[in-house]
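Topology and contacts: notes
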Amino acid sequence: MLIKLDAIEVDVIAERPSAEDVVLTKPTEADLDSLVTLINAYAKRGDLLPRTADSVKESLPDWVIAKVGDTVIACGSLLRYSPVLAEVRSLAVADTAQGLGLGRQIVAQLEIDAQKQKIPTLFALTRVVQFFEKMGFTITEKEYFPQKVWNDCNHCPIQDNCDETAVVKKFSYQEENKEK
Ligand SMILES: CC(C)(COP(=O)(O)OP(=O)(O)OC[C@H]1O[C@@H](n2cnc3c(N)ncnc32)[C@H](O)[C@@H]1OP(=O)(O)O)[C@@H](O)C(=O)NCCC(=O)NCCS
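In this report, we go over the structure that sits alongside the text. This is a predicted model, so every value here is computed, not measured.

What follows covers the site of the ligand. Neighbouring residues of the ligand: 19 residues in total, closest Gln 98, Gly 103, Arg 104, Thr 126 and Gln 130. Residue assignment for the shell around the ligand shows that the elements contributing at least two residues are strand E4 (85-93), helix H3 (102-116), strand E5 (121-126) and helix H4 (129-134). Here the residues of the shell around the ligand sort into 9 nonpolar, 6 polar and 4 charged.

Moving on: H3. Given a rise of 1.5 Å per residue, 15 residues ought to cover 21 Å, and the 21 Å separating the end C-alpha atoms of H3 matches this to within 8%. Of all the positions in H3, only Leu 102, Gly 103, Ile 106, Val 107, Leu 110, Asp 113 and Ala 114 are classed as buried. Down the axis of H3, the buried set is contained in an arc of 130°. They therefore lie on one face. Among the exposed residues of H3, those oriented more than 90 degrees off its buried face are Ile 112 and Lys 116. Against strand E1 (22-25), strand E2 (63-68), strand E3 (71-82), E4, E5 and H4 lie the buried residues of H3. Just downstream of H3, Lys 118 is the residue with a positive phi angle, here 60°.

Right, let's get into the pairing of E3. The side chains of a regular strand alternate, residue by residue, between the two faces of the sheet. Note: E2 against E3, 6 bridges, orientation antiparallel. The residue bridging Val 64 from the neighbouring strand is Gly 76, located in E3. Counting the residues in the hairpin turn of E2 and E3 gives 2 residues, including Gly 69, whose phi is positive at 60°. Of the strand pairs in this sheet, E3 and E4 are connected by 7 bridges, and their pairing is antiparallel. Across the sheet, residue Leu 79 finds its bridge partner in E4, namely Glu 87.

Thresholds applied
- Residues numbered from 1 in each chain as written.
- Predicted model: local features only at pLDDT ≥ 70, side-chain atom pairs only at ≥ 80, totals over all residues.
- Near = placed C-beta within 6 Å.
- Helix = DSSP H or I, 4+ residues; strand = E, 2+ residues; numbered from the N terminus.
- Nonpolar A, V, L, I, M, F, W, Y, C, P; charged D, E, K, R; others polar.
- Expected span 1.5 Å × (residues − 1).
- Buried ≥ 20, exposed ≤ 12 C-beta atoms within 10 Å, placed from the backbone.
- Arc of directions from axis to C-beta.
- Contact = placed C-beta atoms within 7 Å.
- Pairing = 2+ DSSP bridges.

This is the structure we're talking about:
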C-alpha cells in the first residue's frame, strides 16, 4: 500500500552533497543497512514499498546506488518479470540530494543494465510521471503488465483508487553476429 504522507522528510544526510562527492556504484553487502534505511524512510512516507535487508541482499546485482562516503543517498533497482519485461522500482533520492541529476543517472544505469540483458521493455508505476517522461518513458495502461498487477496491485487496499500511473520505455536490439 502506498499512501503518501508528504510531511515526513527523508534526511539520510544533513547537507546537500557536492556532485564530486557522490559515487554511483553497485551495492555490496556492506551497503545493505544504509540502503534499506533509505528505502524504508521513503516507504514510511508512502513513496515506495518497504523492503527487508534479506530481500535486498538476494537482489544486490539488480541495484544501482549513489553514495557519499558510506551513506547511500539514492537508489533504484530492476525487477525482472520475464526475458522481455522488467520494472524500475525502489527509485529514490534523499530529499537533500534531489535536483542534482542523481535520479536521472540511476535510471540511465538501470537502462544500461537492462540493455546488457537484452530486456526490451521497462516499466514503472509512479506518481512522478513528468520525471519519467524526461527519461523517455511514455504513459501507458497498467493492465499491460499483468504480472505486476497480480503480484502487487491485487494485494493493495487502494487498488480501486490507485493514484499511480504506468509508464513504459521500449528498446530495440540488433542481433549480434547477424550475417551481413
Ligand atoms: C523522483 C526522484 C527520483 C527524482 O530524482 P532527482 O535526482 O531529484 O531528479 P533529477 O535531478 O535527476 O531530475 C532529472 C529531471 O527530472 C526532473 N524532475 C525531477 N523530479 C521531478 C518531479 N517530481 N516532477 C517533474 N520533474 C521532475 C528534473 O527537473 C530534471 O529535469 P531537467 O533534466 O529538465 O532539468 C526523486 O524526487 C525522489 O526520490 N522522489 C521521491 C521518491 C519517488 O517518488 N520515487 C519514484 C518512485 S517510482
